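# A structural walkthrough
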Amino acid sequence: MSAGGAPALGLAERFESGLDAPICLTWELTYACNLACVHCLSSSGRRDPRELSSEECMAIVDELQRLQVFYVNIGGGEPTVRRDFWEIVDYASARRVGVKFSTNGSRITAPAAARLAAADYVDVQVSIDGASVDVNDAIRGTGSHAMALRAMDHLAEAGFGPFKVSVVLTRRNAGELDRLKTLADRYGAQLRLTRLRPSGRGADVWDELRPTAAQQRAVYEWLLDQGEQVLTGDSFFHLSAYGQKLPGLNLCGAGRVVCLIDPVGDVYACPFAIHEQFLAGNVRQEGGFTSVWRESDLFLDLRRPQSAGVCGSCGFYDSCRGGCMAAKFFTGLPLAGPDPECALGHGEKALAARGHRPLPRPSVNMSRRAANGSPDAIVVV
Amino acid sequence: MAVVEAPGVKAGALADAATGFDLDGAWRLDPQVALRPEPFGALAYHFGTRRLSFLKSRVLVDVVVALADRSSARQACREAGVGERELERYGRALATLAESGMIAPRVPA
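The sections below set out a description of the structure shown in this document. Worth saying up front: this structure is predicted, and the values here are computed from it rather than measured. Residue positions are counted from 1 within each chain, in the order its sequence is given. Starting at A for chains and at 1 for ligands, labels are handed out in the order in which the entities are written. Local features in a predicted model are, by the rule used here, given only for residues with pLDDT of at least 70; side-chain atom pairs are given and counted only at 80 or more, and totals for whole chains, interfaces and linings are based on all residues. By convention in this description, side-chain values take in all heavy atoms of the structure and omit both hydrogens and water.

## Remarks on the overall build of chain B
- In this description a helix means any DSSP run of H or I spanning at least four residues, a strand means any run of E spanning at least two, and both kinds are numbered starting from the N terminus. In terms of regular secondary structure, chain B is built from three helices and six strands.
- The secondary structure elements of chain B, listed N-terminal to C-terminal, are β-β-β-β-β-α-α-α-β.
- Throughout this description, buried means an accessible area under 20% of the type-specific maximum (1.4 Å probe, protein chains only), exposed means over 50%, and partly exposed covers the range between. Buried residues in chain B amount to 58% of all 109 residues.
- Pairs at least 24 apart in sequence give 63% of the contacts found in chain B among residues at least 6 apart.
- For every accessible area listed, the method is Shrake-Rupley and the probe measures 1.4 Å; residues are considered covered only by the protein chains on display. Total accessible area computed for chain B in this model is approximately 4,500 Å², and 50% of it derives from carbon and sulfur atoms. Note on definitions: a residue-residue contact is assigned when non-hydrogen atoms from the two residues lie within 4.5 Å.

## Observations regarding the overall build of chain A
- When its secondary structure is counted, chain A shows 14 helices and nine strands.
- In summary, chain A has a C-alpha radius of gyration of 20 Å against a globular reference of 21 Å for 381 residues, a match within 12%.
- Once the C-alpha set of chain A is aligned to its principal axes, its extents read approximately 55 × 50 × 50 Å.
- Across the 381 residues of chain A, 61% fall into the buried class.
- Only carbon and sulfur atoms are counted for the fraction: they give 51% of the accessible area of chain A, which is about 14,700 Å².
- Charge counting treats Lys and Arg as positive and Asp and Glu as negative, with His and both chain ends excluded. Lys charges are placed at NZ, Arg charges at CZ, Asp charges at CG and Glu charges at CD. Measuring between centres, the 40 positive side-chain charges of chain A sit 2 Å from its 43 negative side-chain charges. The quantity called the radius of gyration is restricted to C-alpha atoms. Its globule counterpart is 2.2 Å times the number of residues to the power 0.38.

## Focus on the nonpolar core
- Take the buried Ala, Val, Leu, Ile, Met, Phe, Trp, Tyr and Cys residues and link them wherever side-chain atoms come within 4.5 Å; each set so joined is a nonpolar core. The biggest cluster of nonpolar side chains holds 87 residues, and the ones touching the most others in it are Trp-27, Met-152, Phe-163, Val-165 and Phe-289 of chain A.
- If we ignore the near neighbours within four places in the chain, the residues touching Met-152 of chain A are Val-126, Ile-128, Phe-163, Val-165, Leu-183 and Tyr-187 of chain A.

## Observations regarding the pairing of strand S6 (residues 190-195) of chain A
Residues and elements named next belong to chain A.
- Among the six residues of S6, five are classified as buried, and the element is accordingly described as predominantly covered.
- Only strands that DSSP links by at least two bridges are regarded as paired with each other. With six bridges joining them, strand S5 (residues 164-169) and S6 adopt parallel strand pairing. Residue pairing in the sheet places Lys-164 in a bridge with Gln-190 of S6.
- Here is how to tell: hold the view so the strands point away, follow the path from the first strand over the helix to the second, and if it runs clockwise the crossover is right-handed. Considered for its hand, the β-α-β crossover made up of S5, helix H7 (residues 177-186) and S6 is right-handed.

## So, the sheet that holds S5 of chain A
Residues and elements named next belong to chain A.
- Strand order in the open sheet formed by nine strands is S6-S5-S4-S3-S2-S1-S7-S8-S9, and the pairing between neighbours is mixed. Each edge of the sheet is formed by a strand with only one pairing partner; in this case those strands are S6 and strand S9 (279-282).
- As paired elements, strand S2 (residues 71-75) and strand S3 (residues 98-103) share four bridges and run parallel to each other. When the bridges of S3 are listed, Asn-73 appears paired with Lys-100.

## Brief notes about helix H4 (residues 110-118) of chain A
Residues and elements named next belong to chain A.
- The set of residues buried in H4 consists of Ala-112, Ala-113 and Leu-116. Along H4, the residues classed as buried sweep out an arc of 100 degrees about the axis, all on the same side. For H4, exposure combined with an orientation more than 90 degrees from the buried face picks out Pro-111 and Ala-118.
- Those residues of H4 that are buried lie in contact with helix H3 (85-94), S3, strand S4 (122-127) and helix H6 (144-157). To obtain the arc, one takes the directions from the helix axis to the C-beta atoms.

## Regarding the pattern of salt bridges
Residues and elements named next belong to chain A.
- Salt-bridge detection follows one rule: a side-chain nitrogen of Lys or Arg within 4 Å of a carboxyl oxygen of Asp or Glu. Taken as a whole and judged by the stated rule, the model has 28 salt bridges over all chains.
- With a shortest N-O distance of 2.8 Å, Asp-48 and Arg-50 are connected by a salt bridge.
- Of the residues examined, Asp-48 reaches a relative accessible area of 6% and is grouped as buried.
- The exposure class assigned to Arg-50 is exposed, which follows from its relative accessible area of 53%.
- Close ionic contact of Arg-195 with Glu-341 constitutes a salt bridge, the shortest N to O distance being 2.9 Å. In this pair, Arg-195 sits in strand S6 while Glu-341 sits in the loop between helix H13 (325-330) and helix H14 (346-353), placing the two residues 146 residues apart along the sequence.
- A single salt-bridge network, built from bridges that share partners, covers Arg-47, Glu-51, Arg-82 and Asp-84.

## Here's the deal with the environment of Gly-355 of chain A
- Following the sequence through the fold, Gly-355 of chain A ends up in the segment after H14.
- Separated by 128 residues in the primary sequence, Gly-355 of chain A and Gly-227 of chain A have C-alpha atoms spaced 39 Å apart.

Here's what the structure looks like:
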């Protein structure tokens, strides 16, 4: 398989022991958002007054260029509400730091779409969480389905090419996957399906919105059929315990090959783990992002071999790797043990046995009108 | 993990390629590809297709980098220290990279 001096380690092991620089990272530019999705993993809503300035953002791009980070996944909040959003995107593109940004579509006007279509190194993900208006709007808010479709119309008319239609899998839309695929196809776009995490406000709706075990199995089969036609951001690697691996790296890259920079410059192990326990440092500290990535105790620790816990005796551990760290943490399960949505059902048993300890809450909550950490309205139909 | 998209992952750029490879042709790294050296070889990212590839050997990286200013892929291999008996394997690796658009034929100067 390998030519000229094979490395002793396989790729997964290489990556689990960390790289000198991330392959890519998520960068939430702002916590400000004009929507209030019930499952927002960053509990966004209001802008944090300590948000990184334009100059600080450009300095981060310079650093990412030096580190040869291939691309950043820009999100928020709604990143396009930042006044310097386009400036940051242009600055990154000019330095060959690729940008893939997620948007609810509200600001993807016809001129914005034309501008995007003309840009190299920029990719767009429009979020929508249901093929039908009812399913989507119950989660993302009234009018958000139409808003996303308008943005897709503009991108298609501008000839952007295959942008991404980004869907979080829920109990409500699990039956709409073919329709969602058709919708993406209609725009010449690519469907991207990711996992609902119990992170941010997602923790409050996770029990009601996560797919049932039967849905999860069906989605796995559907994804296997789709192959590389549907993107997943590697978010379903815990399902490889059903038997066959889905396309992708199939490992948890948190703090090893990916991480999160939040709007105030805090660096977390991954976008789903906004909690003190997964906070590695801040880009404003001496040495900047590079030293956080290379020297933080948390990241160095994550790059050491991890305990499999009770999963060690499971024949599928080598493929599922115990699943998602953040999903375990925010549902109160031990990190060394099964994912709450373990394909073999071990997670369900662990959830049932966890008792009534209070669950960890995210460190950040910028939700509008929500002092107590709960979204103001959970409308689940 | 959020980010390394499935179609981007071509784990093992050195896996068997179905077709042969024109070792005597002139090649180059696609201008849209960024190559990042790593202890195991290199990561290669194509900004057009958004595919990520792993080059699992440093010698292969040397070959790929040299392609642009050698008259042929065979020449680039030789200078990187690839022996005659290894040429076939390197040819297969290069074929895989060509298939995914990481390297492309070029008109020799």
